[in-house]
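Topology and contacts: notes
One-letter residues, chain by chain:
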Amino acid sequence: MKHLLYLKNLNQETITEILDTAEHFLNHDNQPIGSEKILQDKTLANVFFEPSTRTRSSFQIAAKKLGADVINIDEEHSSRAKGETLVDTLKSLEAMGVNYFVIRNKHSGIFDEILENIDHNSRLINAGESNISHPTQGLLDLLTIRRHKKDFKNIKTVILGDLSHSRVARSLTEGLSIMGTGEIVVVSPIDYKPDMKLFNGAEYTDNIESALSDADVVVTLRVQKERMDDETQFLDQSKYFKDYGLTSDRLKLCKKDVIVMHPGPMNRGVEIENTVADGEHSVITEQVTNGIATRMAILSIIERGKD
Ligand code: CP
């Protein structure tokens, strides 16, 4: 693995290697641990042209635990605001010794051009591309599921919410399919039904009750107003919660040991009830912690591949 752009490019063996490596970076209390400084003398740039709390911070923590220097670039405070192209920004950072680029962009289709222009020794990781891809989120979600459910074959996983605007749903479906998940159900209001050609291996329904029945894993998604072209796409929030919110009553339809996930940030009271977000089935904060170990695994596997 030289770069990480899309989960669909990976096979089961590679994903398993990433998840196994991530496990090694978690201690007995499930907290990420320091390790050999495999990225000593390397510099990682977080280049984020969309807001982020979890992804950017966890890449920073992960890279530092592996011994790297880290810099953070955003749109507002960089020369991108003066019209500099993304490629020129990256080439300037390369000239300062940056080796790893972790890039989040609101527009799709930038990575081919970046790959054509960056140094062959530089490494590129997709930290969120429009509604297309968020591979590191998909991998930390897979790790969280595997730690609770042991294998993917015999589980029913439900992805619930604003599917059509969700890169998280797409990457997770790609990952679950590659890992041979028994049943993947994606559920949304019909207004947020995605192009199902992009959700290979999943079945779609707009019936939340049938979707949740006997589920082992429920992944709730944020309603992503910022990706909607016009106001009419934004459904009334209280109606959305009534029809598609994950409530404690609806959770009773799932298996008794169901886990509840959410990539964050959450709209509490819109896609998920407070008591569910903070309840005994929730593994949402575990996902965040697993994000550090997963990103340490990705960085160390890419770095080892350079030898
Ligand atoms: N899940 C996720 O990508 O969160 P951030 O936007 O905070 O990075």
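Everything numeric here is computed off the predicted structure, so don't read it as measured data.

Digging into the nonpolar core
Ile 125, Leu 139, Leu 142, Phe 152, Ile 159, Leu 176 and Leu 299 are the most contacted members of the largest nonpolar core, which has 54 residues in total. Among the elements that line this core, the one with the most residues is helix H11 (residues 284–304), at eight residues. Other than its neighbours up to four places away in sequence, Leu 139 contacts Leu 4, Leu 7, Ile 15, Ile 18, Leu 19, Thr 294 and Ile 298. Leu 160, Ala 211, Ala 215 and Ala 277 belong to the second largest nonpolar core, which has 24 residues in total.

A few points about unusual backbone geometry
Going from Gly 264 to Pro 265, the amide bond is cis rather than trans, its omega being -10°. Along the chain, the position of Pro 265 falls in the loop between strand E9 (259–261) and helix H10 (274–277). For Asp 41, which is not a glycine, the phi torsion comes out positive at approximately 70°. Along the chain, Asp 41 turns up in the loop between helix H1 (12–24) and strand E1 (43–48). Positioned with a positive phi, Ser 130 is a non-glycine residue whose angle comes to about 40°. Structurally, the position occupied by Ser 130 is in the loop between strand E4 (123–129) and helix H5 (135–149).

Observations concerning the packing of helix H2 (residues 54–65) against H11
Packing of H2 against H11 leaves a shortest axis separation of 8 Å and a crossing angle of 55°. As judged from the angle between their axes, H2 and H11 are oblique. Relative to H11, H2 is oriented so that their crossing is right-handed. Of the residues in H11, those touching H2 at Arg 54, Thr 55, Ser 58, Phe 59, Ile 61, Ala 62, Ala 63 and Lys 65 are Val 288, Gly 291, Ile 292, Arg 295, Met 296 and Leu 299.

Section: the site of the ligand
Around the ligand, the neighbouring residues are Pro 51, Ser 52, Thr 53, Arg 54, Thr 55, Arg 104, His 134, Gln 137, Pro 263 and Gly 264. At 3.0 Å from a nitrogen atom of the ligand is found a side-chain nitrogen or oxygen belonging to Gln 137. In isolation the ligand exposes 260 Å². Once the protein is present, 92% of that is buried. In terms of residue class, the shell around the ligand is built from two nonpolar, six polar and two charged.

A closer look at the sheet that holds strand E6 (residues 183–187)
Taken together, five strands build an open sheet; the order of strands is E7-E6-E5-E8-E9 and the sheet is parallel. Each having just a single partner strand, strand E7 (203–205) and E9 make up the two edges of the open sheet. For this sheet, the mean inter-axis angle between neighbouring strands, taken without regard to orientation, is 20°. Here strand E5 (residues 156–160) runs beside strand E8 (residues 217–220); their pairing, made up of four bridges, is parallel. The residue of E8 that forms the bridge with Val 158 is Val 218.

Some points on the pattern of salt bridges
Throughout the structure, instances matching the rule amount to 16 salt bridges. Among the ionic pairs, Arg 304 bridges to Glu 17, the shortest N-O distance being 3.9 Å. Residue Arg 304 is located in helix H11, and its partner Glu 17 is located in helix H1; the two are separated by 287 residues in the primary sequence. Taking relative accessible area as the criterion, Arg 304 reaches 41% and is therefore assigned partly exposed. Residue Glu 17 is classed as partly exposed on the basis of its relative accessible area of 37%. If you follow the salt bridges from partner to partner, you end up with Asp 20, Glu 23, Arg 146 and Arg 147 in one network.

Conventions adopted
- Each chain has its residues counted from 1, running along the sequence as written.
- Local features in this predicted model are restricted to residues whose pLDDT is 70 or higher, and side-chain atom pairs enter the listing and the counts only when it is 80 or higher, whereas totals over whole chains, interfaces and linings include all residues.
- Side-chain figures throughout are based on the complete set of non-hydrogen atoms in the structure, without hydrogens or water.
- Among the buried residues, those of types Ala, Val, Leu, Ile, Met, Phe, Trp, Tyr and Cys that are joined through side-chain atoms within 4.5 Å form a nonpolar core.
- A simple rule labels every residue: compare its accessible area, found with a 1.4 Å probe on the protein chains alone, to the largest value its type can have, and call it buried under 20%, exposed over 50%, or partly exposed in between.
- Numbering of helices and strands starts at the N terminus; helices are DSSP runs of H or I of at least 4 residues and strands are runs of E of at least 2.
- Any pair of residues with heavy atoms lying within 4.5 Å of one another is described as a contacting pair.
- Between N-to-C directions, angles span 0 to 180 degrees; the directions come from axes that are lines fitted to C-alpha atoms, helices contributing only their stretch in contact.
- Put simply, angles under 35 degrees are roughly parallel, angles over 145 are roughly antiparallel, angles from 65 to 115 are roughly perpendicular, and the rest are oblique.
- For any pair of crossing helices, the crossing counts as left-handed if the nearer helix is rotated counterclockwise from the farther one by less than a right angle, and right-handed if it is rotated clockwise.
- One heavy atom within 4 Å of a molecule or strand is enough for the residue carrying it to be called near that molecule or strand.
- Polar contacts here mean pairs of N or O atoms no more than 3.5 Å apart (in protein, one a potential hydrogen donor and the other a potential acceptor; neighbouring residues in sequence count only if both atoms are side-chain atoms).
- Each accessible area is a Shrake-Rupley result for a 1.4 Å probe, and residues are judged covered by the shown protein chains and nothing else.
- Following the grouping adopted for this structure description, the nonpolar residues are Ala, Val, Leu, Ile, Met, Phe, Trp, Tyr, Cys and Pro, the charged ones are Asp, Glu, Lys and Arg, and the polar ones are all others, Gly among them.
- Paired strands, in this sense, are two strands between which DSSP finds at least two bridges.
- When a carboxyl oxygen of Asp or Glu lies within 4 Å of a side-chain nitrogen of Lys or Arg, that pair is called a salt bridge.

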